[in-house]
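Listed below are the residues making up each chain.
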Amino acid sequence: RALTELVRSASACGRAVDVVSGAPLLPMADLRQQLLRFGGPYADLRVLPYPQWIKRIETEAGLSLWPAWRPESTGQPHFPVFNTRVCSADGLRGHVSAQTAEALRTGADERWLHRVLQFLFEGPLQRSTSSGPGSIP
């Protein structure tokens with residue numbers, strides 16, 4: 001929605017703005033709890049120590065892009081933190097609606113996550129390509 005509004009905004013013409021979530025960081029433990037509450041394929045989502053998780057990825061992803069992409073973080077004792085800069089919607093003020101600026105400030109909530117997951121696992125694409133709800137192709 002923000003991109004659509006920016007394209008249509010005469011005041012944004014020729015300006016550079018960051019369109020990123022200004023929501024508070026979501027710790028991995030909180031994301032895990034949200035996924036557990038969703039259920040389905042996440043009902044038994046276990047916690048693995050980061051080094052054990054990386055080893056499992058290296059073992060199971062041998063035929064994927066993992067060998068070419070293997071990040072520097074694989075030797076770390078914990079999952080790396082990405083994009084921790086604090087964003088403000090102030091740069092968008094006057095270029096997008098107040099509703100859009102507020103949505104960027106608050107970010108996606110658990111209800112949104114569950115709706116997206118439900119669409120991914122049970123939506124029209126899955127009905128035509130999978131064996132049933134919750135199955136992963």
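In what follows, the structure referred to is the one given above.
Now for a look at the structure at hand. Everything numeric in this text was worked out from a predicted model, so none of it was measured.

### Concerning the layout of surface pockets
So, step 1. Size it by volume and the second largest pocket reaches roughly 520 Å³.
So, step 2. Taken together, 15 residues line the second largest pocket, and the ones lying closest to its centre are M28, R46, V47, L48 and W53.
So, step 3. The biggest single contributor to the lining of the second largest pocket is helix 2 (residues 28-38), with five residues.
So, step 4. The residue makeup of the lining of the second largest pocket, split by class, is 11 nonpolar, no polar and four charged.

### A look at helix 6 (residues 110-122)
So, step 1. Between the first and last C-alpha of helix 6 there are 18 Å, a value that for 13 residues agrees with the 18 Å anticipated at 1.5 Å per step.
So, step 2. Every buried residue of helix 6 is listed here: L113, H114, L117 and F121. Seen end-on, helix 6 carries its buried residues on one side only, within an arc spanning 95°.

Conventions adopted
Residues numbered from 1 in each chain as written. Predicted model: local features only at pLDDT ≥ 70, side-chain atom pairs only at ≥ 80, totals over all residues. Heavy atoms only, no water. 1 Å grid on protein atoms, 1.4 Å probe; cavity = no way out; pocket = protein on both sides within 12 Å on 5 of 7 lines; lining within 4 Å. Points joined across faces, edges and corners; volume = space filled by probe spheres on them. Helix = DSSP H or I, 4+ residues; strand = E, 2+ residues; numbered from the N terminus. Nonpolar A, V, L, I, M, F, W, Y, C, P; charged D, E, K, R; others polar. Expected span 1.5 Å × (residues − 1). Buried < 20%, exposed > 50% of the residue type's maximum accessible area, 1.4 Å probe, protein only. Arc of directions from axis to C-beta.

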